[in-house]
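Each chain is listed here by its residues.
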Amino acid sequence: MAMNDNLLAVVNFIERERGVDREIVLIAIEQAIQQAARRNPGVTNDLRVAIDRKDLSLHVYDTMVVSDEDTGTGFITVARARRIKPDAVEGDTIEIEMPASKLGRIAAQTSRQMIMQKIREAERSNTFNDFKGRIGEIVSGTVTGNSHRDLFVMVGKTEMVLPAKERIPTEEYSVGDTIRAIVHNVKAEANGPAVTLSRASGEFVRTLFRLEVSEIADGVVEIMGVARDPGFRSKLAVRTLDEKVDPVGACVGLKGARVRNIVRELNGEKIDIVRWSDDIKNYIGQALAPAKLESVEVDPDGGNTVHVTVAPDQYSLAIGKRGQNVRLTSKLTGWHVDITKAMALASFEDQKAEAIKTLAETFSVSTAVATQLADAGFLSVEGIVECDEEGFIAATGLDEVTAKGIYAAAQAVAELTGINEDDVEEYAAEEMPVAEEN
C-alpha cells in the first residue's frame, strides 16, 4: 500500500525542518503504527509494520499458526496457508501481509501521537549528542527572551540559555539582537537537553583568540592561561617553541588588528597579553606590567607566594584599580602575590607628597581629600587599617560616607596584598569597594 500524502509530507518536513535523520523518522513511524495496531482486536502481538525505503509504501504483516481445528485470531486454515506457502502443513507458522486499512481509524490516530512522541525523543537525542561534542565552540544566535537577566538564545533550531552569571555585566541585550557565546555546558533533562552558553568565562576569550590568531590555531603559539574580570580586563599568557615567532606580537596582530577585533567582540574589555615564562619571577614581572618592579622573591616557606617590592610611585599601578592587576596576576600565575613599597630615602615632605599621590590613585579620590588624609597622619593603607573605623572618621574630619568608603577600600586592599590570604582563588574573586570622592 502506498503511504498517504500526509504521512509522506510529515517525513519530508521533519527531515528538512527539524533535522532528524530520515531513517530515524521511518523507524519511529513503523514502531508507532505497530504498537498502536497491536491494540486492535483480530491481530496478534507478532504483527509487524514495514515501510519500503524506496517508494515509502506501507506494509503490515501478521504471524499465524496453520490449523484446521483452531480458528480465530492468530490461526489460518491449511488451504489458505498453502496459497501463500505451497508446502505449508498444520502446526507451521506463516507470516501473511494484511491490508493496512484493517488497522482501523483508532490505530491511525494513536500512531500519529506515538510518531510525534518518538520524533521529539529523537530530536532531543540528536540535539544532546550534537552539542555535547561542541562544548567550547562559539555559536551565534538570536535573543528570544529573558527572565531574571537569564537570556534565551535561539541557535539554529535549538533554544539555549545564557545565565545571568555567564553574561558580561556591562552588556545589555534586547529581543532580536544577535549574540555570540561559547557552548558552556550540555545536560540531558526530562523535557529535553539544556544547553548553557557563556560570554563571561575565560574559555570564551581563549576561543576568540584561537579563531582570530592563525598561529594559535596551528599550534605555533600556545595559550598557557587566561584570567578574566568579565567586562573590564583579561590577562592572557602565551608562549611559542618557535624562536622566529613573537607570541605576543602574533596575538596583537599588525597595528593591533587582531586584538582589536577581540576587544570589539567583548565591547571594549581591556586585554593584557603576557609572555609566559617557566621562571616564576620573570612571569610575575610580565604579568604585573606596566608596573615596574624592584624585586620579586619567592617565599622561602613555600605556599606558592611571591613577595614583590615596588617603588612608592609604582605601588598603585601594581595593585591596579580595585586591586584588579594583582588579582588577575595571581589568578593567571597560580601564585599569591604580596606587594610592598620599597623604603625610599627622601625628605618627609617628598614622602608626604608621594603618599598623597598614592592615596589619591588608590582610592580614586581628589588630591584635596588625599591631603586631608595625610595631614591626619594616614600616609598609607597600612596606617588606615591599623586604626578603627570610628577613630579614622573622627581623625580625618571627612564626611561619614566618604570616610567609610575609604576605610572599606583600605581593608580590601590590605586583605588583597597581605600574607594572611592563603587561598588565591578566594581573594581573586573578591570585589574591592570603590570609595566615593568628596
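Rules used throughout
- The residue count restarts for each chain, going from 1 along the sequence in the order it is written.
- Two thresholds apply to this predicted model, a pLDDT of at least 70 for residue-level local features and 80 or more for giving and counting side-chain atom pairs, whereas whole-chain, interface and lining totals are computed over all residues.
- Note that the side-chain values use all heavy atoms of the structure and ignore hydrogens as well as water.
- Per the convention used, a helix needs a DSSP run of H or I reaching at least four residues, while a strand needs a run of E reaching at least two, with both numbered from the N terminus.
- With a 1.4 Å probe rolled over the protein chains alone, any residue whose accessible area is under 20% of its type maximum counts as buried; one over 50% counts as exposed, and the rest are partly exposed.
- Any pair of residues with heavy atoms lying within 4.5 Å of one another is described as a contacting pair.
- Any two strands with at least two DSSP bridges between them are considered paired.
- Axes, fitted as lines to C-alpha atoms, cover a helix only where it is in contact. Angles between the N-to-C directions of the axes lie from 0 to 180 degrees.
- Patch membership requires more than 30% relative accessible area and the absence of a salt bridge. Residues of like charge join within 9 Å; the nonpolar side chains Val, Leu, Ile, Met, Phe, Trp and Tyr join within 5 Å.
- Exposure was quantified through the Shrake-Rupley algorithm and a 1.4 Å probe, taking into account, for residues, occlusion by the shown protein chains and nothing else.
- The working definition used for a salt bridge is a side-chain nitrogen of Lys or Arg within 4 Å of a carboxyl oxygen of Asp or Glu.
- In summary, the charge assignment counts Lys and Arg as positive and Asp and Glu as negative, without counting His or the chain termini.
- By convention, the point assigned to a charge is CZ for Arg, NZ for Lys, CD for Glu and CG for Asp.
- Angle categories: roughly parallel below 35 degrees, roughly antiparallel above 145, roughly perpendicular from 65 to 115, and oblique for all the rest.
- Ten residues, namely Ala, Val, Leu, Ile, Met, Phe, Trp, Tyr, Cys and Pro, are considered nonpolar, four, namely Asp, Glu, Lys and Arg, are considered charged, and the remaining ones, Gly among them, are considered polar.
- Residue-level confidence of the predictor is what pLDDT reports, using numbers from 0 through 100.
- We define the nonpolar core as a collection of buried residues of types Ala, Val, Leu, Ile, Met, Phe, Trp, Tyr and Cys that are connected through side-chain atoms lying within 4.5 Å of one another.
- The aromatic pairing rule takes the rings of Phe, Tyr and Trp, using the six-membered ring of Trp, and pairs them if the centres are within 6.5 Å, calling planes under 30 degrees apart stacked, those over 60 edge-to-face and the rest tilted.
- Polar contacts here mean pairs of N or O atoms no more than 3.5 Å apart (in protein, one a potential hydrogen donor and the other a potential acceptor; neighbouring residues in sequence count only if both atoms are side-chain atoms).

Caption draft 1: Focus on the overall build of the chain. In terms of helices and strands, the chain carries 17 helices and 15 strands. Each of the 438 residues in the chain was classed as buried or not, and the buried ones make up 45%. Sequence separation of at least 24 residues holds for 58% of the intrachain contacts in the chain that already meet a minimum separation of 6.

Caption draft 2: The arrangement of the sheet that holds strand β15 (residues 336–341) in detail. The strand order β13-β14-β15 describes an open sheet built from three strands, whose pairing is mixed. The strands lining the two open edges of the sheet, one partner per strand, are β13 (293–298) and β15. Averaged over all neighbouring strand pairs, the angle between strand axes comes to 20°, with direction disregarded. Bridging between β13 and strand β14 (residues 305–310) involves five bridges; their strand directions are antiparallel. Along β14, the bridge assignment pairs valine 296 with valine 308. The strands that helix α10 (residues 312–319) touches are β14 and β15; relative to β15, the one it contacts most, it runs at about 155°.

Caption draft 3: Structural context of a negative patch on the surface. On the surface, Asp68, Glu69, Asp70 and Glu90 cluster together into a negatively charged patch. Relative to the elements of secondary structure, glutamate 69 occurs in the loop between β2 (58–66) and β3 (75–76).

Caption draft 4: Layout of the sheet that holds strand β12 (residues 270–275). In space, the three strands of this open sheet follow the order β10-β11-β12, with mixed pairing throughout. Looking at strand neighbours, the two that pair on one side only are β10 (221–229) and β12, the edges of this open sheet. Across this sheet, the average inter-strand angle for adjacent strands is 20°, counted without regard to direction. With eight bridges joining them, β10 and strand β11 (residues 233–240) adopt antiparallel strand pairing.

Caption draft 5: Examining the packing of α10 against helix α11 (residues 324–333) more closely. The N-to-C vectors of α10 and α11 enclose an angle of 60°; their axes lie 5 Å apart at closest approach. It follows from the interaxial angle that α10 and α11 lie oblique. Side by side, α10 and α11 meet where Leu317, Ala318 and Ile319 of the first sit next to Gln324, Asn325 and Val326 of the second. By residue class, the composition of the contact of α10 with α11 is four nonpolar, two polar and no charged.

Caption draft 6: Here's a closer look at the confidence of the model for the chain. Taken residue by residue, the chain gives an average pLDDT of 82. The fraction at 70 or more is 85%. Mean pLDDT values over the elements of the chain span from 32, in helix α17 (residues 424–428), up to 95, in β10. A low-confidence stretch, residues 418–438 (pLDDT under 50), is modelled with 51 contacts involving residues beyond four sequence positions or located in other chains.

Caption draft 7: Expanded view of the environment of serine 125. Its location among the elements puts serine 125 in helix α4 (residues 104–132). Assessed through its relative accessible area of 35%, serine 125 is described here as partly exposed. Sequence separation between serine 125 and alanine 188 is 63 residues; the distance between their C-alpha atoms is 8.7 Å.

Caption draft 8: Representation of the nonpolar core in the model. In terms of nonpolar packing, the biggest core is built from 44 residues, with Val308, Ile339, Phe363, Ile384, Phe392 and Ile406 touching the most fellow members. At six residues, the largest contribution of residues to this core is made by helix α16 (residues 400–417). Among the nonpolar cores identified, the runner-up in size contains 22 residues, and Ile138, Leu208, Ala250 and Leu266 belong to it.

Caption draft 9: Highlighting the packing of aromatic side chains. Under the counting rule described, the total for this entry stands at three aromatic pairs. Both rings, one in tryptophan 276 and one in tyrosine 283, keep their centres 6.2 Å apart while their planes meet at 65°; by these two values the pair is edge-to-face. We classify tryptophan 276 as partly exposed; its relative accessible area is 24%. Residue classification places tyrosine 283 among the buried residues on the basis of a relative accessible area of 5%. With a centroid separation of 5.0 Å and an interplanar angle of 70°, the aromatic rings of phenylalanine 378 and phenylalanine 392 are classed as edge-to-face. One end of the pair, phenylalanine 378, is in the loop between α13 (367–375) and α14 (381–385); the other, phenylalanine 392, is in helix α15 (residues 389–396), and 14 residues separate them in sequence.

Caption draft 10: How the structure looks around the side chain of aspartate 272. Within the element layout of this structure, aspartate 272 appears in strand β12. A distance of 2.8 Å separates a polar atom in the side chain of aspartate 272 from a polar atom in the side chain of arginine 233. A polar contact is formed between the side chain of aspartate 272 and the side chain of lysine 235, at a distance of 3.0 Å. Residues within four places of aspartate 272 in sequence aside, it is in contact with Arg233, Ser234, Lys235 and Leu236.

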